[in-house]
Every structure is written in structure tokens, then in C-alpha cells.
Amino acid sequence: MTAAPALLLPDAPLLAVGLRRAVLITADGEIEDGPLPQIAKLLTPDDPPYLCHAPALGKRLEIPGLWGYDLLELFAFVRPAQFCVPTPRGLAQALDLPAPKDLMAEALILRDAASLLLAELADARDPETLAILQPMAAGGWSWGRAAERALASVTPGRRGLAVWRALPEIPDQPADGPPGQQPVHAQEARWQLASLLGGSAESRPSQADYASATALAFAPRQTEGQPNIVLAEAGTGVGKTLGYLAPASVWARKNSGTVWVSTYTRNLQHQIDQELDRLYPDPVDKALKAVVRKGRENYLCLLNLEENTQIAATRPAEAVGVGLMARWVLATRDGDLTGGDFPGWLPELLGRARTLGLADRRGECIFAACHHFNRCFVERSVRRAKRAEIVVANHALVMVQSALGGGDDGAVPSRLIFDEGHHLFDAADSAFSAHLSGFEGQEMRRWLLGAEGSARSRARGLRRRIEELLTDEGMLNTLAQLLRAAHALPGDGWQNRLMDDAPHGPIETFLAALRRQVLARQTEKDYGYSLEAEANPANDDLLPLADDARSALIALREPGLTLKKRLADRLVDEAGEMESDVRLRCEAAIRTLDRRLILPVAGWIAMLEALREEPSAEFVDWFGIDRQDGQDTDVGMHRHWRDPSKPFARTVAEGAHGIVVTSATLTDATGDPDADWKAAERRLGLPWLDVAATRAQLPSPYDYAAQTRVLVVTDVRRDDMDQVAAAYRTLFLAAGGGALGLFTAIARLRAVHTRIASALEDADIPLLAQHVDGMETASLIDIFRAEENACLLGTDAVRDGVDVPGRSLRLIVFDRIPWPRPDILHKARRDAFGGWNWDRRLVRLKLKQAFGRLIRRADDTGVFVLLEPMPSDFRSAFPPGVEVRRVGLAEAVREVGGFLGRG
């Protein structure tokens, strides 16, 4: 492939933007290099530049809606479903161009990248690509004319944006019977591991021990309700993924069954998917035997795409986003919008509504009634999972599947592996909680009634989804009764009405009284952050309003229960004559009514009833006002299990036959191993099962004493942000970048970013920041991983999601001890789980998890720095043999520079 002729390229300036300065090269070759405000004044809408990631650059330049020839859009069109780090350097790497060394080179590389991409487009000569391009060009896509010139000799195809017509139909396959019960012997697991590893099998003996230990979970269950449970803590470097895939794959093949591997983060989910290439090197074989499963809200809905295509017919500008998504639909492996082959930066460019908004996020699927049903990405995933050997899912989906008796496919996994098992408590806490709030009520109302007075909304109401299934007047009347009752739920504009104390309907009226109670009980004057107050005792005026809200919810629940029963009766009464697609729709409607209406409303009713009772020993109830930048975003009543491991044990674990829970940080390290294991078992809910788990503990093979340093800085005042920022600046400079800065509060992160950005840019060290840059966390991590000398500032989401082997991560700086936020829920759990020992255990586990990000392979080295004096018992968070040194900042800077080779 040769570069595109110059006549194909737009005649436009080139723009590269740093943290404090930018470079603009005009079409005539004149160079402007200066501070951001100076360059911003030179940009005009009439002369849009070549650039990379317009929203992020616009945020730095303070130009809302910055427009230009965005190379990422062109990349997404020419190479859909392919990975690219969203920077000029990332483009260069993806296109095999020389890596730019400075802002000038970054600007110049943009034209070269455009030339190569347009040449690639011309070489492909694809008629269907041109058919997608034409409405995009007519809609004003910046690259439209150049791309049309590249395809000038091609005759357009006939599908246009209707790309769903090109997708293959999902083949029907008969259901398999229940799996066998043959065990996996330890030696079989070791042999399978050796096969997966090839010639390196002898290099990691701890991995073989791990595989044989996890094989115990695949023995036949001896007693109903008591699964075989293996708790396996394996340090970084043991090789957990292949270690548990070895016995899992043996069991699946011996028994014609399916093993579900569940993770907490999407990042690990896709790492496991990559490791499955060892098990299934043939892509065709892998497609049959391994599948990544997520909730349906993660997949593109073809009906939503079709409706957006129809909108683009009358609003041509919408064709740009539809066209880029259409290109991806033709190239994607599985339609997953939250990972895999979907560019994480595309929603940042096009907006969430045009990208992630194409998923079924509100439970509006019409299932078999949809004319895309046999091409549907969700349905394809569900059907593949029924026959797969390995299903890679996430904790939330597994819990929903179990709680509802099977979810979309009716399957309840019997063999489960929970990787990132230290997050099971939090995952269960989220899955089994309930929230009666304005936002949740509005979502339910929209799910029931669809769009109300909004011509732009694609929301489909319940009538449209199930009316064809209702075969008599009584069922139709029940539906009408349900929809009338839905008007009691909060409607559009509820936030403003609550702020004005002018609520509509019984639920909004209750929420307004709830809001008044929260505000009345505050002891702090700063209302800029989210607020909460105990639900009991309730204000005098609140209880009668809670009763009214409860009556309205009962009136909503009863017709829902009647509809569910009548649909279930149809399945029985018409069993011999009902068409299969109608049966599928009835079953789906029953499950959806349960999940989206009956169960949530039952929980809300119970919460309201509890306001007239003594506080529960099992639940923690409270009122809250969620706020962002001083504005209310949600108001509601919240209910969490005091111990969420109980519903996890009863709904998930109790029905399984075998479970592996694994992590590098399952246990604390207090010096009493038995007590540490018992604490871990309690957090995982084992006391509720009365099961004796098998414990396995495999230490990391890494030499942490030689590969790492841990420094506790004692002379930086944590309440002086100038001192904190100075510490970050000097430590980052000493390391030469490759640093992750972790913060316990977003405000502290932003304060440090403001103070250190200029110094790092002067040192040619890229600085990335969650909650500052106009990018999602996943994009920031991708850039950080690709840039060896970049620095990244982030909060807990970054700590949990980052996996960066090599020199790109060689320093971690924690701003202060990560004590849990002392909110109502945490204080209740602290009382239930051992008082202050619970807090200290949580802190040690967080430090342990953060330190674990530092060393990801045998040749990594790194330094962990905490900018606050640390109690001595927290030293056990770090591996044995690692010296934890208390030092001043100056000594820490010298140590970092010297240990990382820059002293």
C-alpha cells in the first residue's frame, strides 16, 4: 500500500496539544508554537485542523465543540473494531509510522496518518463501504469528501447504513442435557496445564500446585446446598488464569458441561479471553467453545441501530455517528460495546447516545418479536453460552442469573470460578441492594410507559413490547391498569420539582419529604457533596407520605403479578399449540416483569413498611441526596444488606456444585493465618453455608525484596495541597515518569494536577488524569500503558483496572492512607464485623491490592510511596522481606531516582 496522493488530503492546518502549550502548523507551513490560550485564538471554525481526539483537545484549549479532521474518526472508519491508543503516538504505532518525539512531530504525523488511511481505503475498493460513506458525507462528516475521492472509482453497494442485513443468522441447535459428574484428578489438571504451557511447564511449579488445588472444586457434590469450595490465594506471577483453566477445561470436556469464570473488572475479562487462545488456538474452535458473556445492556441493539438509521434519514448530521457504528457492526466479533473490539474512545468523540446508547440499557427488548432476533448480538451470546465449555462472565451477571433462576437463557451455572474474588463482597453488596429514588422511579416509569411527549426518544413502552402476547380482554385491561398506576412514579423534571418543593404524585411527594429530612439533620454547613441521614426515626410528616407511596406501589405491583401469572398460564394451557417464537416471548416477558417490576417494587414496599418498625438487624436503611458539583442528581431511600455475603451464599453459592474463589489478596496478613482465613471466609459468606472450604495459598515467585522499595514519607502535611503536590511533582520527576498517583478524593486529585502539570510538561513527561481529561478511564489507562514515561492520576477505579507490566509503571504514590469513608452503611458494617479491626483490615487489603499493581512480571522493578505516616500493623500489607522505610521527602526522592536508575 502506498500513501494517498496529496489531492486526496484536505488542505488544512495540523494541531498537536500538550498540557500547557500547543503547536499549530498552517496549511502554508507556518509554525505557531505557544501557550494554549495563544494557539486557541488562532483556531477558527472556517479552517478546521487535523487533530487527534477533538473533545480532549477542546477541553485543554477551552474550546467547547472543537471541530476538525479527527484522525480517530478516520481510523474508526477505515479500520473498524481495531485497537488504537487515542494519541498521535498511538496512531503512529498502529500504522507502523515512526513514533513522534515532541509536539511538532505529533502534528506532522497527523497528515502522514491520514494519507496512509485514505490509501488503505482506496486499496480496499469496497462498494458497501462507499454505500455507508455517502450519507455520512452528505451529513457533513469532515472526512467525507476526502474519503469519497479515495473511492471515486467504486460503484456503491445497495445496503447503505442497513448493515444488519449482512449479519449471519444464528443457527438453531438442540439443547444439551445436564453435564456429567466425573471428577478432575490433580494429575489431570497438571497434565492439562503442561499442555497449555508447552515447553515452559517446569518453570512455574507453584502454578501446577495451584491447578491441582483448584481441581478439588470439580469433584461431584456430596450434599445438596453444600458445594465443593476452594479458596485459592495466589500471588502475582503464579499464573492463576491458566492454573484454573486447566482443571476447568478438563471437567468441561469430560462432562460435556460449562464452567463459568467470573471477574469483577472488564479488563480481566478480556485478558482471560486472550489466554483462551492457548486452550483453543483455532479461532473457529474457540468461537464454539468459549464465549464472553455480559448483561444485555453491554451489547449493541440492532433495533436501536435501525431506529437511529431512520432518524438519520431526516436529520443528515446523525448519519456520521450511525455510519461509524455501522462500520463497527460489520467488523465486530460479538457486538460488545464495553470492551473487546469496540474503541473505548469512540463514545468520547460521538457522544454516549450515538454509541453506548444503542445498547438495551432500559430493558426494552421485544425479544422474538424483533425482526433482528435471529441476528441479535445478545441472543447470539446467550445461545453460544449454552453450548460453550468456558463462559467468561462478570460477578454482577452471575449473581443476577442465580437470583432470577437463570436470566436470559434460564441457565444457572453449576461450576463457578470467581477471579478477583476479593471483590465478591462489594459485588454482592451492589447486586442485592435496593434504591427507591427519583432516578430509579423515573427509569421504571420510562420502561413501562415509553417516551412521553418526546419525539426524539426511542424509549419503547411495555404495551408495545407485550401487547401481542395478551390474548383476551382481561389481560389487556390488566395491562391498562398497570400503565395507569405507573403515572404515580416520578416523571421527567422531577429534580426541579423537588428543588422547588412542588412534587407531582405520591412517590415524588415522599421523596420531597425525604429530602427535607436529610437537609434538616445535617451537622456540616458544606452541602456541596452528597448527603445522607438515618431513615429511623422518621420526621412526623414523612410517615403518612410513605404510606401513600406504599399504596401507590402496591397498586403498581398487583397488575404486574396478574400479568405474570396469566402469561405463565398461557405457557401451560397452550403448550401443544404455541409457536416457539411466541413461547420465547412469553418466557422473556415473565422474566423481565420479575426483574424490572415485581422484584424491585416488592423491595421498595418492604423498605417503606420498615419506616414504621424498629431498625432491622439484617438491613441498613438510610436516606440520601446524591450531588455533583453542588447540584442534586438523585434523591432516595437506600437499603443494603448488613452482610451481603448472606444473599450471595443463599442465591449463588448454595445452588452450585463447585466454586473456586481466587485472588492475590483474599486474606489479610496479621500474623495469625487461621484468623486471616476465617475473616476471608466470613466476607465470602461461608458461615451461611456450613461448608468447610479447601484453602490453598501459593506465594508469588517474584523477589519483592530485591525488586521493590516501600517508602512512607513522614514530613508532608496531608492538609496542605501545595506540599502534597510538591511531593508528587518531585517524585514523578525523580522517576522520569512511569508513575501512578492514587487519591482518596477527586478534589485532591484535581488540586495536584493543577499544580504539577507545567513542571511535568517542561520535563516532557505526559500527565494524564481521571476526572480532568476529556476521556474515559479505560482510554487513559491505554495511553498510560503505551507511553513508557507517562504519569496517571486516578482514584480507586484506576487502581482496580490497571494492569501495566514493564517500565510504564515503576512508581506508585498514594496520597494518604485509604481509610473507608465513615458513612452510615460503613459504620453499620464496622459494628457487625469487629469494630476498628474491620477498618484496619480493609485498609491493609487496599494497600496490598495497590502494591500488587507494581510488579506484573519477573523483570519489573518499582517503588511504592505513601505520603502519610502509617501505623506499624499496616506493614503486613506488603510481601514478606520487603522493608518498609519511614523517610523524609528529600530522601524519598533520592531513593526513587537511585533505585529506578536515575540517581
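Cut-offs applied
- Residues numbered from 1 in each chain as written.
- Predicted model: local features only at pLDDT ≥ 70, side-chain atom pairs only at ≥ 80, totals over all residues.
- Heavy atoms only, no water.
- Pairing = 2+ DSSP bridges.
- Helix = DSSP H or I, 4+ residues; strand = E, 2+ residues; numbered from the N terminus.
- Axes fitted to C-alpha atoms, helices over the stretch in contact; angles between N-to-C directions.
- Contact = heavy atoms within 4.5 Å.
- Phe/Tyr/Trp six-rings, centres within 6.5 Å; stacked < 30°, edge-to-face > 60°.
- Buried < 20%, exposed > 50% of the residue type's maximum accessible area, 1.4 Å probe, protein only.
- Salt bridge = Lys/Arg side-chain N within 4 Å of Asp/Glu carboxyl O.
- Core = buried A, V, L, I, M, F, W, Y, C linked by side-chain atoms within 4.5 Å.
- Polar contact = N/O pair within 3.5 Å; in protein donor to acceptor, adjacent residues only side chain to side chain.
- Parallel < 35°, antiparallel > 145°, perpendicular 65-115°, else oblique.
- Left-handed = near helix turned anticlockwise from the far one by under 90°.
- Nonpolar A, V, L, I, M, F, W, Y, C, P; charged D, E, K, R; others polar.

### Regarding the sheet that holds strand S8 (residues 290-292)
Here 7 strands make up an open sheet; going across it, the order is S8-S9-S7-S10-S15-S6-S16 and the pairing parallel. Two strands bound the open sheet, and with one partner strand each, they are S8 and strand S16 (694-698). Direction aside, the axes of adjacent strands within the sheet are offset by 15 degrees on average. By the bridge criterion, 4 bridges tie strand S10 (residues 415-418) to strand S15 (residues 658-663) in an arrangement that is parallel. Looking at the pairing, Leu 416 lines up with Ile 659 of S15. On top of the sheet, helix H11 (residues 266-279) reaches strand S7 (259-263), S8 and strand S9 (390-394); it is set at about 170 degrees to S9, its chief contact.

### Details of the packing of aromatic side chains
Considering all chains together, one arrives at 22 aromatic pairs under this definition. On the basis of an interplanar angle of 65 degrees and a centroid distance of 5.3 Å, the ring pair of Tyr 69 and Trp 143 is categorised as edge-to-face. Of the two residues, Tyr 69 is situated in strand S5 (residues 69-70) and Trp 143 in the loop between helix H6 (127-138) and helix H7 (144-150); the sequence distance between them amounts to 74 residues. Both residues of the pair, Tyr 69 and Trp 143, count as buried. A ring pair is formed by Phe 814 and Phe 864, whose centres lie 6.5 Å apart and whose planes are at 65 degrees; its orientation type is edge-to-face.

### Focus: the pattern of salt bridges
According to the stated counting rule, one finds 61 salt bridges in the structure shown. Among the ionic pairs, Glu 128 bridges to Arg 159, the shortest N-O distance being 4.0 Å. Of the two residues, Glu 128 sits in helix H6 while Arg 159 sits in the loop between H7 and helix H8 (186-197), which places them 31 residues apart along the sequence. For Glu 188, the salt bridge identified is with Lys 254, shortest N-O distance 3.2 Å. With Glu 188 in helix H8 and Lys 254 in helix H10 (residues 240-255), this residue pair connects regions lying 66 residues apart in the sequence. Overall, Lys 254 belongs to the partly exposed group, its relative accessible area being 35%. When salt bridges that share partners are traced, they join Asp 273, Asp 277, Lys 286, Arg 333 and Asp 334 into one network.

### Brief notes about the nonpolar core
Among the nonpolar cores identified, the biggest contains 75 residues, and Tyr 50, Leu 71, Trp 141, Leu 300 and Leu 305 are the most heavily contacted of them. Top element by residues in this core is helix H5 (residues 103-124). It accounts for 10 residues. Those residues in contact with Tyr 50 that lie beyond four places of it in its chain are Leu 9, Pro 10, Ala 12, Pro 13, Leu 14, Leu 15, Tyr 69, Leu 71, Leu 110, Arg 111, Ala 114 and Trp 143. Counting residues in hydrophobic clusters, the runner-up holds 57 residues, among them Ala 513, Ala 535, Ala 549 and Leu 611.

### Things to note about the side chain of Asn 298
Its place among the elements puts Asn 298 in the loop between S8 and helix H13 (302-314). Judged by relative accessible area, which is 8%, Asn 298 ranks as buried. Among the polar contacts made by the side chain of Asn 298, one reaches the side chain of Thr 338 at a distance of 2.9 Å. The residues contacting Asn 298, other than those within four sequence positions of it, are Arg 266, Gly 335, Asp 336, Leu 337 and Thr 338.

### Description of unusual backbone geometry
That bond from Asn 536 to Pro 537 is cis: its omega, 0 degrees, falls within 30 degrees of zero. A positive phi angle is found at His 53, which is not glycine, with a value near 75 degrees. Taking relative accessible area as the criterion, His 53 reaches 0% and is therefore assigned buried. Phi is positive for His 771, close to 70 degrees, though the residue is something other than glycine. Assignment of secondary structure puts His 771 in the loop between strand S19 (767-769) and helix H31 (777-786).

### Digging into the packing of helix H23 (residues 505-520) against helix H24 (residues 542-573)
Viewed as axis vectors pointing N to C, H23 and H24 meet at an angle of 150 degrees, and their least axial separation amounts to 8 Å. Between H23 and H24, the interaxial angle falls into the category roughly antiparallel. For the pair H23 and H24, the crossing hand works out as left-handed. Only Leu 542, Leu 545, Ala 546, Asp 548, Ala 549, Ala 552 and Leu 553 of H24 make contact with H23, whose side of the interface consists of Pro 506, Ile 507, Thr 509, Phe 510, Ala 513, Leu 514, Arg 516 and Gln 517. Of the residues in the contact of H23 with H24, the class split is 11 nonpolar, 2 polar and 2 charged.

### Considering the environment of Met 870
Among the structural elements, Met 870 can be located in the loop between strand S22 (862-866) and strand S23 (884-887). Note: C-alpha distance between Met 870 and Ile 817 (53 residues apart in sequence) is 7.3 Å. With near-sequence residues (within four places) excluded, Met 870 lies in contact with Val 712, Ile 817, Leu 847, Arg 875, Phe 878, Val 884 and Arg 886.

### Description of the sheet that holds strand S11 (residues 434-437)
Read across the open sheet, the 4 strands follow the order S11-S14-S13-S12; overall the sheet is antiparallel. The open sheet terminates on both sides in strands that have one partner only, identified here as S11 and strand S12 (531-534). The sheet shows a mean angle of 25 degrees between the axes of neighbouring strands, direction not considered. Summarising the sheet, S12 and strand S13 (residues 619-628) pair through 4 bridges and their orientation is antiparallel.

Keep in mind these numbers describe shape, not what the thing actually does.
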